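Okay, here's what each chain looks like letter by letter:
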Amino acid sequence: MRPFTYERAASAQAAAQAAVAYPNSKFIAGGTNLLDLMKLQIETPTHLIDVNHLGLDRIEKTPDGGLRIGAHVRNTDLAADKVVRRDYAVLSRALVSGASGQLRNKATTAGNLLQRTRCPYFYDMSKPCNKRKPGSGCAAIGGFNRNLAILGASDACIATHPSDMAVAMRLLDARVETVDSHGVTRAVPIAQFHRLPGDTPHIETVLQPGELITAVSLPKPLGGRHLYRKVRDRASYAFANVSVAAVIGDGFQHFAFGGLAHKPWRVEAAEARAAGRGAADAAEVLATGAFEGARGSGHNDFKLPLARRLVRAVVGEATGG
Amino acid sequence: MSDPNDVTRRTLLAGSAVAAGIATAPALAREPVASRKTSSRMTPKMPVSLTVNGQAEALTLDPRVTLLDALREHLHLTGSKKGCDHGQCGACTVIVNGRRINSCLTLAVMHDGDHVTTIEGLGSPEKLHPMQAAFVKHDGFQCGYCTPGQICSSVAMLGEIKDGIPSHVTDDLTHVEFSDSEVRERMSGNICRCAAYPNIIAAIREVHEA
């Protein structure tokens, strides 16, 4: 690791102020992704701001019947929370399908949203990567792209977002709450939180420099059946090839997908077209409408038919078909 | 398509050439390269207080020191192992404030005031922890390198089942119970290159049933 200085922030706003004062700084909470990347010198912050002691580790009901999840609630605690298991089961299911027990004990809600791609060329310092080194090129396009994006990608980047949790958060219409160095707060709908790569794949979210995530809030429960299906190269402790989060209720089907794009993928217009139809019919509408514009890069062409089959399988499972 | 291995080889060769260059330059060879390169950029060391296996420890550490390196290199508790150093193998698993974590993926300075239990704190050769005794009885290892991590992980993992924390193979999220498939899923963060997995599961099952 490159040398860095370290401080424990005393408040969320103080953390944001420190991040502005040290331009090459990073917040650290669980650290399971950041330290991995720092050891490889893919991330080289010169100052770390430890945000583990800000009291952002509680899960509370909100006045509108939803749930407010502190930014630093550990993945294990979020998956095991009684209200989450009962009312937002798709979130529990997504969380426990990711990483290992040890990592989930450390990894946080906010950190999970901010984790970086596992594109092999992002990790390989000997290769060009527009995300790691803007303007250097993309070795993944035309390279070994088996687990990379088929939707929303660009000529600059075909990386995927690796999170399972974020897929469920997208499905549940979560809002990402933040504070900046002036104490100004805002809540960003998760649909707008992650960016598509475009020609600036190194900018992954809409967070401004120094802006700190304080919580992720969920609207009131949807009801319905909650499912999370993850297809991967081994049965446990692997990133998704394709994953699907679904809540299927009376007359509605919500679907979000992981492993396909630079952000959790969801097409509400397709869900609207499928609403009110019979199960088999709705599945066909979604299997077509959710993936319009999909384009493989060769090795990852299998993801489109796989994702479509997952939609049909999940609808079948939810409706007993 | 380009072959990723090709460039890895080239990188390796480039690295070797640099190393060879240093070895043949007497002026450079007299001074350790690492210290010369980093001396101007060293960061101040920081005090860190830990309670390790019940004993208070006061350390002064570079902030880069991971909890694993603090345990092994500074406290000389070499039971916890460095396998991959990237949170993939689980050999470094220790229990911090009652939770199992990868000690390689966390900084010691982040644990000021924390309670750490390592394999040395679970039991001793004279008085084995029940999980250690079960691993011996069931031959839950061959080379033994992953074993301290496996045992720390197992002990904490049984606590997670008891606490009702669900896993990927839990059918009913509100009803968590012990099974071999639960153990396999929950122990997937601990790799055993000798593939002693069936015996590890037998050892864990015995402790669970005791």
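Before going into details, it helps to say that this report is about the structure given with it. All residue numbers refer to positions counted from 1 along the written sequence of the respective chain. In the order they appear in the text, chains get letters beginning with A and ligands get numbers beginning with 1. Local features in this predicted model are restricted to residues of pLDDT 70 or higher, and side-chain atom pairs are both shown and tallied only at a pLDDT of 80 or more, whereas totals for entire chains, interfaces and linings draw on every residue. Side-chain calculation: all heavy atoms of the structure are included, whereas hydrogens and water are not.

1. Points about the overall build of chain A
When helices and strands are counted, chain A shows 13 helices and 11 strands. Every radius of gyration here is taken over C-alpha atoms, with the globule rule written as 2.2 Å times N^0.38, N being the number of residues. Taken against the 2.2 N^0.38 rule, which gives 20 Å for 321 residues, the C-alpha radius of gyration of chain A at 19 Å falls within 12% of a compact globule. Taken along the three principal axes of its C-alpha coordinates, chain A extends 60 × 50 × 35 Å. For chain A, with 321 residues in total, the buried portion stands at 59%. Sequence separation of at least 24 residues holds for 62% of the intrachain contacts in chain A that already meet a minimum separation of 6. The numbering of helices and of strands both runs from the N terminus, where a helix is a DSSP run of H or I of at least 4 residues and a strand a run of E of at least 2. Each residue is assigned to one of three classes by its accessible area relative to the maximum for its type, calculated with a 1.4 Å probe on protein chains only: buried under 20%, partly exposed between the two thresholds, exposed over 50%. Should any heavy atoms of two residues lie within 4.5 Å, those residues are considered in contact.

2. Describing the sheet that holds strand E3 (residues 93-96) of chain B
Residue and element names in this part refer to chain B. Strand pairing is assigned whenever DSSP detects at least two bridges linking the two strands. If you trace the five strands from one edge of the open sheet to the other, you get E2-E1-E5-E3-E4, paired in mixed fashion. Every interior strand has two partners, whereas the edge strands, strand E2 (55-61) and strand E4 (99-102), have only one. Mean inter-strand twist for the sheet, computed between neighbouring axes without regard to direction, equals 40°. Pairing geometry for strand E1 (residues 46-52) and E2, over seven bridges, is antiparallel. Opposite valine 48, over in E2, you have leucine 59 as the bridge partner. For every element, the axis is a line fit to its C-alpha atoms; helices are fit only across the contacting stretch, and the angle between N-to-C directions ranges from 0 to 180 degrees. Helix-sheet contacts for helix H4 (residues 67-74) involve E1, E2, E3, E4 and strand E5 (115-117), and the interaxial angle to E2 is about 105°.

3. Remarks on the interface of chain B and chain A
With 47 residues of chain B at the contact, the number on the chain A side is 47 residues. By buried area we mean the combined loss of accessible area, with a 1.4 Å probe, across both parts when two parts are placed together. Summed over the three residues of chain B that lose the most area to chain A, namely Leu105, Met110 and Leu173 of chain B, the buried surface amounts to 17% of that side. For this analysis, a salt bridge means a side-chain nitrogen from Lys or Arg found within 4 Å of a carboxyl oxygen belonging to Asp or Glu. Joining chain B to chain A, the criterion identifies two salt bridges. For arginine 99 of chain B, the salt bridge is made with aspartate 77 of chain A, and the minimal N-O distance between the two is 2.4 Å. Distance and chemistry together define a polar contact, namely a pair of N or O atoms within 3.5 Å, with one atom able to donate a hydrogen and the other to accept it when in protein, and with adjacent residues in sequence counting only for side-chain atoms on both sides. Counting across the interface, chain B meets chain A through 22 residue pairs in polar contact (both at pLDDT 80 or more). Of all the secondary structure elements, the ones that give two or more residues to the side of chain B that touches chain A are helix H1 (4-23), E4 and helix H7 (147-162) of chain B. Tallying contributions element by element places E4 of chain B first for the side of chain B that touches chain A, with four residues. Asp, Glu, Lys and Arg are counted as charged, while Ala, Val, Leu, Ile, Met, Phe, Trp, Tyr, Cys and Pro are counted as nonpolar; the rest, among them Gly, fall into the polar class. Considered class by class, the residues forming the side of chain B that touches chain A number 16 nonpolar, 21 polar and 10 charged.

4. Comments concerning the environment of threonine 200 of chain A
Looking at where threonine 200 of chain A falls in the secondary structure, it is placed in the loop between helix H10 (190-193) and strand E8 (212-218). Each C-alpha atom of the pair threonine 200 of chain A and leucine 212 of chain A lies 21 Å from the other, and the pair is 12 residues apart in sequence.

5. Section: the packing of helix H12 (residues 279-289) of chain A against helix H13 (residues 303-319) of chain A
A pair of packed helices can be characterised by two numbers: the angle between their axes and the separation between those axes. Residue and element names in this part refer to chain A. It is the contact of H12 with H13, at a shortest axis distance of 9 Å, that shows an interaxial angle of 155°. Here H12 is positioned roughly antiparallel relative to H13, judged by the angle of their axes. The interaxial crossing formed by H12 with H13 has right-handed handedness. Side by side, H12 and H13 meet where Ala279, Ala283, Glu284, Leu286, Ala287 and Thr288 of the first sit next to Arg308, Val311, Arg312, Val315 and Thr319 of the second. Roughly parallel refers to an angle under 35 degrees, roughly antiparallel to one over 145, roughly perpendicular to one between 65 and 115, and oblique to any angle outside these ranges. Handedness of a helix crossing follows the sense of rotation of the near helix relative to the far helix, less than a right angle counterclockwise being left-handed and clockwise being right-handed.

6. What about the pattern of salt bridges?
Side chains that differ in sign of charge can pair as their charged atoms come close. Residue and element names in this part refer to chain A. The final tally for this structure, using the stated rule, is 26 salt bridges over all chains. Among the ionic pairs, arginine 68 bridges to glutamate 177, the shortest N-O distance being 2.8 Å. With a gap of 109 residues between them, arginine 68 in strand E5 (residues 67-70) and glutamate 177 in strand E6 (residues 175-179) connect regions that are remote in the sequence. Taking the shortest distance from any N to any O, the salt bridge between glutamate 292 and arginine 273 comes out at 3.7 Å. Taken together, the residues glutamate 292 in the loop between H12 and H13 and arginine 273 in helix H11 (residues 268-274) connect sequence positions 19 residues apart. Given a relative accessible area of 55%, glutamate 292 falls into the exposed group.

7. Let's talk about the packing of aromatic side chains
Residues and elements named next belong to chain A. Planes of paired rings set the category: under 30 degrees apart is stacked, over 60 is edge-to-face and the rest tilted, where pairs are Phe, Tyr or Trp rings (Trp by its six-membered ring) whose centres lie within 6.5 Å. Tallied over the entire structure, the rule returns three aromatic pairs over all chains. With centroids separated by 4.8 Å and ring planes inclined at 65°, the aromatic side chains of phenylalanine 257 and phenylalanine 291 adopt a geometry described as edge-to-face. Here phenylalanine 257 is found in strand E11 (residues 252-258), whereas its partner phenylalanine 291 is found in the loop between H12 and H13, with 34 residues between them in sequence. Among the residues examined, phenylalanine 257 registers a relative accessible area of 2% and is labelled buried.

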